[in-house]
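Summary of structural features
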Amino acid sequence: LPACRDSRLFTQDLHFDEVPVRLYLPKGPSASKRRGVIFFHGGSGMFGSIRSYERTCQYIARKSDSVVVSVGYRLSPELKYPAQTLDCLAATLHFLKTAEKYGVDPDRIIVCGDSAGGTYAAGVCQELVNRRDIPKIRAQVLIYPFLQALNFNLPSYQKNAFLALFSRERAISFLLKYLQKDCSMKEAILAGSHVPESMNLKYRKWINPDLIPEVFRLGYKPPLPAPFLLQVHKETKEMLETRISPLLAEDAVVCCLPDTCIITCEHDVLRDDGLLYKKRLEDNNVRVTWHHVDKGFH
């Protein structure tokens, strides 16, 4: 898309701790310090940019009268995982420490992201829960986020398996390409052969179709058990780290997370990731606002 400057906003390209960002600041006067929004774009860690999300960030800045920081984290494969998460974390820390310089109340800053950007937003919040030297993140907004690579046979994955826009096969392929892994392992991961039984048992309390409301389980068929493949597990074990799979974080971390808004779409393989995270947060007494787009796509 061509550049589209908004006359109602000041726009400035900066670097936060060497990470490129674009800052959108409403031009109108403000009686007090504004809220801040740190935005991480989607694109599976391989696509997307500040430029491609410009209109989205401009809209957020105008409608919420907030200062929006759009983060241009480095992409894979040029920069290998976890460079993307580390860039998002570095930019967030910089903004939390310097917010007042941009007329922002440091106690009213949220992180927001869609798809893989939602993964980064969730991961940043988890990594900062125990920091006492910086302001607390006020809230996280997760827009159809990818939150777990343990089970690709949840009801939403089955229902939307062959959806043209973002199929189950494509979701796994993107993840493997993002991590620079051999895509020939796709079928084994789809079957769940990358997860040892001990891990399946440990995380069943959090990632389980039975935890999803019945209305979202219509037509679901439990998959047949698949043999564990040690070599596939060794090759893909990064998938089960909390930076890729925030749903696997321990309760001691989850209970400290900020207020959360989760947006899910019905026609989306990632729908159940959001539903399961919603339940986990609520079970840990975190306040959650949930919006479900019944006719929405990823």
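In this text, all values refer to a predicted model and were calculated from it rather than measured experimentally.

1. With respect to the pattern of salt bridges
Under the counting rule described, the total for this entry stands at 21 salt bridges. The residue E266 makes a salt bridge to K159 at a minimum N-O spacing of 2.4 Å. Residue E266 is found in strand 7 (residues 259-267), and its partner K159 is found in helix 4 (residues 155-159); the two are separated by 107 residues along the sequence. Salt bridges here are not isolated pairs; linked through shared partners, they connect K159, E266, R271 and D272.

2. Some thoughts on the nonpolar core
One finds F40, V71, F95, F152, L175 and Y277 to be the most contacted residues of the largest nonpolar core, which totals 78 residues. Two domains share this core, each providing at least three of its residues, namely domain 1 (9-143) and domain 2 (155-240).

3. Here's the deal with the environment of V253
Note that V253 resides in helix 9 (residues 251-254). Those residues within four positions of V253 in sequence are excluded, and the remaining contacts are Q126 and V129.

4. Some thoughts on the packing of aromatic side chains
Overall, the coordinates contain 11 aromatic pairs when judged by the stated rule. Each ring, one from F47 and one from F174, has its centre 5.6 Å from the other, and the planes form 70 degrees; the classification is edge-to-face. On the criterion of sequence distance, the pair formed by F47 in the loop between strand 3 (34-40) and helix 1 (54-64) and F174 in helix 5 (residues 168-178) is long-range, its members being 127 residues apart. Taken together, the aromatic side chains of F16, F95 and Y102 make up a single cluster linked through ring pairs. It is K27 that lies over the ring of F10; its NZ or CZ is 5.2 Å from the centre. One Lys or Arg, R280, reaches over the ring of W206 and ends 3.6 Å from the middle of that ring.

5. Considerations on the pairing of strand 1 (residues 9-16)
Here strand 1 runs beside strand 2 (residues 19-26); their pairing, made up of 8 bridges, is antiparallel. Bridging from a neighbouring strand, F10 pairs with L25 of strand 2. The hairpin turn running from strand 1 into strand 2, its antiparallel successor, is 2 residues long, and D17 in that turn takes a positive phi close to 55 degrees.

6. Here we look at the UniProt feature "domain: Alpha/beta hydrolase fold-3" (unreviewed entry) in the protein
Sequence positions flagged by UniProt for "domain: Alpha/beta hydrolase fold-3" (unreviewed entry) are, in local numbering, residues 37-181 and 238-298. For residues 37-181, the end-to-end C-alpha separation is 33 Å, with 39% helix and 18% strand making up the annotated structure. From the first C-alpha to the last, residues 238-298 spans 24 Å; its make-up is 28% helix and 31% strand.

7. A short note on helix 10 (residues 271-283)
Think of an α-helix as 3.6 residues a turn; residues three or four steps apart then line up on the same face. Between its first and last C-alpha, helix 10 extends 19 Å over 13 residues, near the 18 Å set by a 1.5 Å rise per residue. Inspection of helix 10 places R271, D272, D273, G274, L275, L276, Y277, K278, R280 and L281 among the buried residues, and these make up the whole buried set. Where helix 10 is buried, its residues touch helix 3 (116-128), strand 6 (139-143), helix 4, helix 9, strand 7 and strand 8 (288-297). A positive phi of about 65 degrees marks N285, the residue just after helix 10.

Cut-off values and rules
Residues take numbers from 1 onward in each chain, read along the sequence in its written order. Reporting of local features is limited, given that this is a predicted model, to residues whose pLDDT is at least 70; pairs of side-chain atoms are given and counted only at 80 or more, and all residues count toward the totals for whole chains, interfaces and linings. Only hydrogens and water are set aside when side-chain values are computed; all heavy atoms of the structure are taken into account. A carboxyl oxygen of Asp or Glu within 4 Å of a side-chain nitrogen of Lys or Arg is what we treat as a salt bridge. Starting at the N terminus, helices and strands are each numbered in turn, a helix being any DSSP run of H or I of at least four residues and a strand any DSSP run of E of at least two. What makes a nonpolar core is a set of buried Ala, Val, Leu, Ile, Met, Phe, Trp, Tyr and Cys residues whose side-chain atoms join them at distances within 4.5 Å. Summary of the burial criterion: residues with accessible area below 20% of their type's maximum are buried, those above 50% are exposed, and those between are partly exposed, where the area comes from a 1.4 Å probe applied to protein chains only. For the purposes of this description, domain bounds are those given by an automatic or database domain assignment. By definition, residues are in contact when any of their heavy atoms lie within 4.5 Å. Pairing of aromatic side chains here covers Phe, Tyr and the six-membered ring of Trp, requires ring centres within 6.5 Å, and sorts the geometry by plane angle: under 30 degrees stacked, over 60 edge-to-face, intermediate tilted. Charge-over-ring contacts are defined here by two conditions on Lys NZ or Arg CZ: a distance within 6 Å of the ring centre and an angle within 35 degrees of the ring normal. A strand pair is defined by DSSP finding two or more bridges across the two strands. UniProt positions are given in the numbering used here, feature names are shortened, and annotations may be inferred rather than shown by experiment. An expected span of 1.5 Å times one less than the residue number is assigned to each helix.

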